[in-house]
Amino acid sequence: MGFQCGIVGLPNVGKSTLFNALTATAQAESANYPFCTVEPNSGRVAVPDERIKVISGLAKSVGVVPAQLEFMDIAGLVEGASKGEGLGNQFLGHIREVAAIAHVLRCFEGDEVTHVSGTVDPLADADIVDTELMLADLQSLEKRSEGLVKKARGGDKNAKAMLDMVERATAVLEDGKRARTMDVVKDELPLFRQMQLLTAKPVMYVCNVEEDSAATGNSLSDKVKQRAEAENAACVVVSAAIEAEVAQLDDPEEKQEFLESLGLERTGLERVIRAGYELLGLITYFTAGPKESRAWTIPNGTKAVDAAGIIHTDFARGFICAETISYADYISMNGEQGAKEAGRMRQEGRDYTVKDGDVVLFRFNV
């Protein structure tokens, strides 16, 4: 499925280093997990989840297929991108394609890497990107409103509703706020999404710090964290330099020893991947059998029939029921057979909302 997180940032903040480490990590895992470089600047990575290993052990599965998330390394942005400066048009076009944004911010001093603005200020860097996205959104809304005004005057109810949404969004952006801060009720969400606003996308700030601050962060990353909390955005601290080193280590024990020597329990990339997964509002359900145990990615709130369709359209078309075991029951009952014997397997209908961790067998007939 196309759950894609775009990595953005100003030049020389560590954006590409982070992406290269992500894809190198995925390639290193390719002996166990499928990996695909979709384009030169796009790659899929496994979402860290210990549950799949436990499930596969109980199911005695030959293969294991984890959930995956796609990251896109988006062309660097410069001030004036909304007017086409630098690779502005390419940057904004790629942003529209992704579901969420991972915004890499430089949070380390040092003259080895020149900062594009001449001074290290992650909040100012974030403002540059935000400003360009807001300007691009305002341009988009202005173009959209021109056609809507004529239709609304002609009595088109749909055009009136959309025009109202466009005017509200314009007011928010002109006030210097992002579209995702708008008050939108559930019934208005389809209209809101139709506007395809860049600043409506969920954001995760990735603070790239020096190696010594990888475990604790520093004063610069603390400022970003405060901003993220105020915006209800995610925030992850990493050292791209460390991640690049870790990605070159093939032995798991050697990798763990290296991390522990730096005071880290797990890599920053694992935290970025997991945060990206949560940022997109995604959950995981599992299928398990002798051939393979597999993690499937779905948006939170997905119905059973739609979750079945993720595997194959025939599963949804001929849906009969979803034989479901919660992860906790699957583990405590020592797998599928134990859960069945204990009466912990449930037969759920097409409108059942799949829960994170559910182990599911779909029954269908076509």
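Just above, that's the structure.
Residues numbered from 1 in each chain as written. Predicted model: local features only at pLDDT ≥ 70, side-chain atom pairs only at ≥ 80, totals over all residues. Heavy atoms only, no water.

This next bit is on the overall build of the protein chain. What the protein chain contains, in helices and strands, is 14 helices and 13 strands. In the protein chain, buried positions account for 49% of the 366 residues. Taking the intrachain contacts of the protein chain between residues at least 6 apart in sequence as the baseline, contacts between residues at least 24 apart amount to 69%. On the protein chain, roughly 18100 Å² of surface is accessible, and the fraction owed to carbon and sulfur atoms is 47%. (Helix = DSSP H or I, 4+ residues; strand = E, 2+ residues; numbered from the N terminus. Buried < 20%, exposed > 50% of the residue type's maximum accessible area, 1.4 Å probe, protein only. Contact = heavy atoms within 4.5 Å. Areas by Shrake-Rupley, 256 points an atom, 1.4 Å probe, with all protein chains shown as cover.)

Right, let's talk about helix α9 (residues 252-261) for a bit. Little of α9 sits inside the fold, with one of its 10 residues counted as buried. Of the residues that open α9, the one with a side-chain oxygen 3.1 Å from the backbone nitrogen of Glu253 is Asp251. Remark: Gly263 follows α9 within two positions and exhibits a positive phi of approximately 80°. (Polar contact = N/O pair within 3.5 Å; in protein donor to acceptor, adjacent residues only side chain to side chain.)

Tallied over the entire structure, the rule returns 21 salt bridges. Between Arg44 and Glu70 there is a salt bridge, with the nearest N and O atoms lying 3.6 Å from each other. With a gap of 26 residues between them, Arg44 in strand β3 (residues 42-46) and Glu70 in strand β5 (residues 68-73) connect regions that are remote in the sequence. Look at Arg44 and you get partly exposed, because its relative accessible area is 27%. Between Asp130 and Arg227 there is a salt bridge, and its shortest N-O distance comes to 2.9 Å. (Salt bridge = Lys/Arg side-chain N within 4 Å of Asp/Glu carboxyl O.)

Once that is clear, we can look at the packing of aromatic side chains. Taken as a whole, this structure holds four aromatic pairs when the rule is applied. Relative to Trp296, the ring of Tyr285 has its centre 6.5 Å away and its plane inclined at 20°; by these criteria the two rings are stacked. Residue Tyr285 is found in strand β9 (residues 282-288), and its partner Trp296 is found in strand β10 (residues 292-299); the two are separated by 11 residues along the sequence. The burial state of Tyr285 is the same as that of Trp296; both residues are buried. Note on Tyr285 and Phe362: the rings are 5.9 Å apart at their centroids and 85° apart in plane angle, and the pair reads as edge-to-face. Residue Tyr285 is found in strand β9, and its partner Phe362 is found in strand β13 (residues 359-364); the two are separated by 77 residues along the sequence. The class for Tyr285 is buried, based on a relative accessible area of 0%. Given a relative accessible area of 7%, Phe362 falls into the buried group. Three or more aromatic residues joined by ring pairs form one cluster here, namely Tyr285, Trp296, Phe319 and Phe362. Of note, Arg51 hangs over the ring of Tyr327, and the distance from its end group to the ring centre comes to 5.9 Å. (Phe/Tyr/Trp six-rings, centres within 6.5 Å; stacked < 30°, edge-to-face > 60°. Lys NZ or Arg CZ within 6 Å of the ring centre and 35° of its normal.)

Two numbers describe how helix α4 (residues 122-153) lies on helix α5 (residues 157-174): the axes approach to 9 Å, and their chain directions differ by 150°. For the element pair α4 / α5, the angle class is roughly antiparallel. Where α4 crosses over α5, the handedness of that crossing is left-handed. For the pair formed by α4 and α5, the contact residues are Met134, Asp137, Leu138, Leu141, Arg144, Ser145, Leu148, Val149, Lys151 and Ala152 on the first element and Ala159, Lys160, Met162, Leu163, Val166, Ala169, Thr170, Leu173 and Glu174 on the second. Grouping the constituent residues of the contact of α4 with α5 by class yields 12 nonpolar, two polar and five charged. (Axes fitted to C-alpha atoms, helices over the stretch in contact; angles between N-to-C directions. Parallel < 35°, antiparallel > 145°, perpendicular 65-115°, else oblique. Left-handed = near helix turned anticlockwise from the far one by under 90°. Nonpolar A, V, L, I, M, F, W, Y, C, P; charged D, E, K, R; others polar.)

What follows concerns empty space enclosed by the protein. Think of a ball as big as a water molecule: rolled over the atoms, this probe shows where empty space is left. Tallied over the full model, the rule gives three cavities of 30 Å³ or more. Elements that contribute at least two residues to the lining of the largest cavity include exactly β6 (100-106), α4 and β7 (203-208). Here the lining of the largest cavity gets three residues from one element, more than from any other, and that element is α4. Across the lining of the largest cavity, the residue classes tally to six nonpolar, one polar and two charged. (1 Å grid on protein atoms, 1.4 Å probe; cavity = no way out; pocket = protein on both sides within 12 Å on 5 of 7 lines; lining within 4 Å. Points joined across faces, edges and corners; volume = space filled by probe spheres on them.)

Along the chain, Phe108 turns up in the loop between β6 and α4. Sequence separation between Phe108 and Pro122 is 14 residues, and the spatial gap between their C-alpha atoms is 9.3 Å. Not counting residues up to four positions away in its chain, the partners in contact with Phe108 are Val13, Val120, Asn208, Val209, Glu210 and Leu220.

Once that is clear, we can look at the layout of surface pockets. Approximately 750 Å³ is the volume attributed to the second largest pocket. In terms of lining, the second largest pocket is formed by 19 residues, of which the most central are Phe192, Arg193, Ala200, Lys201 and Pro202. Elements that contribute at least two residues to the lining of the second largest pocket include exactly α3 (88-97) and α6 (189-194). Here the element with the most residues in the lining of the second largest pocket is α6; it accounts for three residues. In terms of residue class, the lining of the second largest pocket is made up of 10 nonpolar, three polar and six charged.

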